[in-house]
Amino acid sequence: MCMTCGCGTSHPHSHEHAHTHEHGHSHGYTHAGQKGRRLSLEQDILAENNRYAAANRVAWRAQGVFALNLVSSPGSGKTSVLVRTIEALRGAVPLAVIEGDQQTDNDAQRIHAAGVPAIQINTGKGCHLDAHAVGHAAQDLPLSDGGLLLIENVGNLVCPAAFDLGEAHKVVMLSVTEGEDKPIKYPDMFAAADVLLLNKIDLLPYVDFDVAQALTYAHRINPGVRVFQLSARSGEGLSAWFDWLRDGVDSARREMPQQSR
Ligand SMILES: Nc1nc2c(ncn2[C@@H]2O[C@H](COP(=O)(O)OP(=O)(O)OP(=O)(O)O)[C@@H](O)[C@H]2O)c(=O)[nH]1
Ligand SMILES: [Mg+2]
């Protein structure tokens, strides 16, 4: 079990054991003695994840691969935007996708149907991808140098914030059906992301969602976050997102070390 977020992820080489209380009931607080142990386990797990993430980052930089980690709550439209992105860039940019979900390979099938190689990582009880599993999946994917690697994380606005996968950028998605207060309720995720995709803007006439307020909250948490307002349904706003992706791919290719070319 992952002690960092309390989920059921089995992190490689972590050796923590379930602790049972003799009085046989669970409660929401931690005994003082356990607190130090829990903190050090969290640090170990994150440090180990960071080592794998650093190795992924080195490998992807050497290959000129532009890697993005897409995060949001369940159902914001991550896969829908990925399918639209594939339809727009396929043929012009080498593409591959890693899909994270607790169960099913539904999303990987949607990506395959769009004509791009995809690997599904099922996390079981885990609520986020980790750098070790993603590194292995990336090695198994056919992706040419200078390509775009899109990683869809498990739908969850909390746990994926702490786990670097080696990506160039975290991209957080918020849809207009979720409420404008999400950036201040889940600040870690919005602080960790370089890009915010505000999706489902086709629904704005039908929902109470204050775009200006949402963006004020997002910029309060993360003043530098880059925002794209878009709709995977209508296509509105997608071209600016595609341009940003093309620029990122071009930069990753330019920064590729000479000896790897
Ligand atoms: N109206 C509207 N619906 C959308 C849009 N984008 C996605 N949807 C719908 O939202 C639902 C969820 O979309 P997905 O793409 O599966 O969302 P997801 O974030 O990948 O979901 P998980 O992988 O389960 O976290 C589907 O019914 C989509 O058709 C959009 O821009 N507008
Ligand atoms: Mg999805």
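In what follows, the structure referred to is the one given above.
Residues numbered from 1 in each chain as written. Chains lettered and ligands numbered in written order. Predicted model: local features only at pLDDT ≥ 70, side-chain atom pairs only at ≥ 80, totals over all residues.

### Some remarks on the site of ligand 1
Next up, step 1: For ligand 1, the set of nearby residues contains 17 residues, the closest of which are Gly-77, Thr-79, Ser-80, Gly-155 and Arg-233.
Next up, step 2: The greatest single-element share of the shell around ligand 1, amounting to three residues, is contributed by helix α2 (residues 78–89).
Next up, step 3: Residues belonging to the shell around ligand 1 are distributed by class as follows: three nonpolar, nine polar and five charged. (Near = placed C-beta within 6 Å. Helix = DSSP H or I, 4+ residues; strand = E, 2+ residues; numbered from the N terminus. Nonpolar A, V, L, I, M, F, W, Y, C, P; charged D, E, K, R; others polar.)

### A closer look at the pairing of strand β6 (residues 195–199)
Next up, step 1: In terms of residue burial, β6 counts as a mostly covered element, since four of its five residues are buried.
Next up, step 2: Here β6 pairs with strand β7 (residues 226–229) via four bridges, running parallel. Each residue of the ladder has a partner; that of Val-195, found in β7, is Arg-226.
Next up, step 3: Considered for its hand, the β-α-β crossover made up of β6, helix α7 (residues 211–221) and β7 is right-handed. (Buried ≥ 20, exposed ≤ 12 C-beta atoms within 10 Å, placed from the backbone. Pairing = 2+ DSSP bridges. Right-handed = clockwise from strand over helix to strand, strands pointing away.)

### With respect to helix α8 (residues 238–254)
Next up, step 1: With 17 residues, α8 should reach 24 Å at 1.5 Å per residue; the first-to-last C-alpha distance of 25 Å fits that figure.
Next up, step 2: Those residues of α8 that are buried are in contact with β1 (66–71), α2 and β4 (148–152). (Expected span 1.5 Å × (residues − 1). Contact = placed C-beta atoms within 7 Å.)

### Regarding the packing of α2 against helix α3 (residues 106–113)
Next up, step 1: α3 packs onto α2 with a crossing angle of 15° between their chain directions and a minimal axis gap of 9 Å. Compared by their axis directions, α2 and α3 come out roughly parallel. Two packed elements cross with a definite hand, and for α2 against α3 that hand is right-handed. Across the interface between the two elements, Thr-79, Leu-82, Val-83 and Ile-86 of α2 pack against Asp-107, Arg-110 and Ile-111 of α3. (Axes fitted to C-alpha atoms, helices over the stretch in contact; angles between N-to-C directions. Parallel < 35°, antiparallel > 145°, perpendicular 65-115°, else oblique. Left-handed = near helix turned anticlockwise from the far one by under 90°.)

### Quick notes on the environment of Asn-156
Next up, step 1: Of note, Asn-156 is situated in the loop between β4 and β5 (169–175).
Next up, step 2: A residue is classified by how many C-beta atoms lie within 10 Å of it, and Asn-156, with 22 of them, is buried.
Next up, step 3: Between the C-alpha atom of Asn-156 and that of Cys-127, which follows or precedes it by 29 residues, the distance is 6.7 Å.
Next up, step 4: Residues contacting Asn-156, with those up to four places away along its chain left out, are Ser-73, Cys-127 and His-128.

### A short note on the nonpolar core
Next up, step 1: Among the nonpolar cores identified, the biggest contains 62 residues, and Val-134, Leu-149, Ile-151 and Val-172 are the most heavily contacted of them.
Next up, step 2: Discounting chain neighbours no more than four positions away, the residues touching Leu-149 are Trp-60, Val-65, Ala-67, Ala-96, Ala-138 and Leu-143. (Core = buried A, V, L, I, M, F, W, Y, C linked by C-beta atoms within 7 Å.)

### Looking at the pairing of strand β2 (residues 95–101)
Next up, step 1: In terms of burial, β2 is largely enclosed, as seven of its seven residues are buried.
Next up, step 2: Going residue by residue along β2, you find Leu-95, Val-97, Glu-99 and Asp-101 tucked away on one face and Ala-96, Ile-98 and Gly-100 tucked away on the opposite face as well.
Next up, step 3: In this structure, β2 lies alongside β4, joined through five bridges in parallel fashion. Bridge pairing links Glu-99 to Glu-152 in β4.
Next up, step 4: With α3 bridging β2 and the parallel strand β3 (residues 118–122), this β-α-β connection has right-handed handedness.

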